[in-house]
Amino acid sequence: SPQHSWSFVGTNSSGATFATATNLASVTVNVGNACSGEYTVRDTITCGGCTTGATIICDQKVTVSDTTNPVIGSPGASGSIACPGTPVFTPPTATDNCSTPVVSVVSDVTTPSGCTGVYSRTVTWKATDGCGLTSGNVSQTITVVDNSPPTIGSPGADDTIQCPATPVFTPPTASDTCGAASIVEVSDITTPGSCAGSYDRTKTWKARDCVGNESGTVSQT
């Protein structure tokens, strides 16, 4: 009966093994994580009990190639955080049929809003397998928003002055967690008294930040 003896021919069979017993009429070759290459598999067939010379050698070339792109998963969900927080991204993972893919950053883009501390940042990734094949791109966007009103300080203290002096007011100052805030005069109201030159005058202010958030009001009379 014929006996099969399988072997690799040449030096380009590095990493290849026979996945099944080599004394069978057919075998499966495992090339591991090889990206590409050409393997020569030899089947040496001998006939047990036959006359001398009853040996047949069959060589077959097997070309191995990786044509399957890696599969990249989903990154963290897009969302928003409050300034002055810093975006924290969650990169995706990836799988591949032949090798362990590497996930890399394609781009990291920050889009300003025109207001200090308020912006969106988008990170984009792709996966590359050991054979150089790449996946599509996936992205995660985190938007830094300002939802907090500014803080307004106290204006000058209420006071009484003698006519014909003119009132001099001391506006408040303001601060904001994300950037600068401006002081806006809400009203300037004069209420006449009972005599000429006698009156009350009250100024009222509020603070407003770059995105339009406003504080409460404060006044000085």
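Before going into details, it helps to say that this report is about the structure given with it. All of these numbers come straight from a predicted model, not from anything done at the bench.

## Quick notes on the packing of aromatic side chains
Consideration 1: Per the counting criterion, the structure on display carries one aromatic pair.
Consideration 2: Relative to F18, the ring of F8 has its centre 4.5 Å away and its plane inclined at 20°; by these criteria the two rings are stacked. With F8 in strand β1 (residues 2-9) and F18 in strand β2 (residues 17-18), this pair connects stretches of sequence that are 10 residues apart.
Consideration 3: For F8, a relative accessible area of 22% translates into the label partly exposed.

## Observations regarding the sheet that holds strand β14 (residues 181-192)
Pairing between sheet strands relies on hydrogen bonds along the backbone, with the strands arranged either parallel or antiparallel.
Consideration 1: Spatial ordering of the open sheet is given by β14-β15-β16, a layout of three strands whose pairing is antiparallel. Only two strands of the sheet have a single partner each, and these edge strands are β14 and β16 (214-220). The mean angle between the axes of side-by-side strands here comes to 20°, regardless of whether they run parallel or antiparallel.
Consideration 2: Bridging between strand β15 (residues 199-209) and β16 involves five bridges; their strand directions are antiparallel. The residue bridging W205 from the neighbouring strand is V218, located in β16.

## Quick notes on the environment of E214
Consideration 1: Topologically, E214 is positioned in strand β16.
Consideration 2: Along the sequence, E214 and P149 sit 65 residues apart, while their C-alpha atoms lie 5.2 Å from each other.
Consideration 3: With residues up to four places along the chain from it excluded, the contact list for E214 reads P149, P150, K206, A207 and R208.
Consideration 4: At 2.9 Å, the side chain of E214 and the side chain of K206 are in polar contact.
Consideration 5: For E214, the side chain forms a polar contact with the side chain of R208, separated by 2.8 Å.

Criteria and thresholds
Each residue is numbered by its place in its chain's sequence as written, counting from 1. In view of the model being predicted, local features appear only for residues whose pLDDT reaches at least 70, and side-chain atom pairs are presented and counted only at 80 or more, with totals across whole chains, interfaces and linings using the full set of residues. Computation of side-chain values covers all heavy atoms of the structure but excludes hydrogens and water. A pair of aromatic rings is counted whenever rings of Phe, Tyr or Trp (Trp by its six-membered ring) have centres within 6.5 Å, and the orientation is called stacked for planes under 30 degrees apart, edge-to-face for over 60 and tilted otherwise. Helix and strand definitions follow DSSP, with helices as H or I runs of at least four residues and strands as E runs of at least two, each counted in order from the N terminus. Per-residue accessibility, obtained with a 1.4 Å probe over protein chains only, is compared with the maximum for each type, and a residue is labelled buried under 20%, exposed over 50%, and partly exposed between these values. Strands qualify as paired when DSSP identifies two bridges or more between them. To get an axis, a line is fitted to the C-alpha atoms, and for a helix only the part in contact is used. The angle between two axes follows their N-to-C directions and goes from 0 to 180 degrees. The contact definition used throughout considers only heavy atoms, calling two residues in contact when any of these lie within 4.5 Å. Two N or O atoms form a polar contact when they lie within 3.5 Å of each other; inside protein one atom must be a possible hydrogen donor and the other a possible acceptor, and for residues adjacent in sequence the pair counts only when both atoms belong to side chains.

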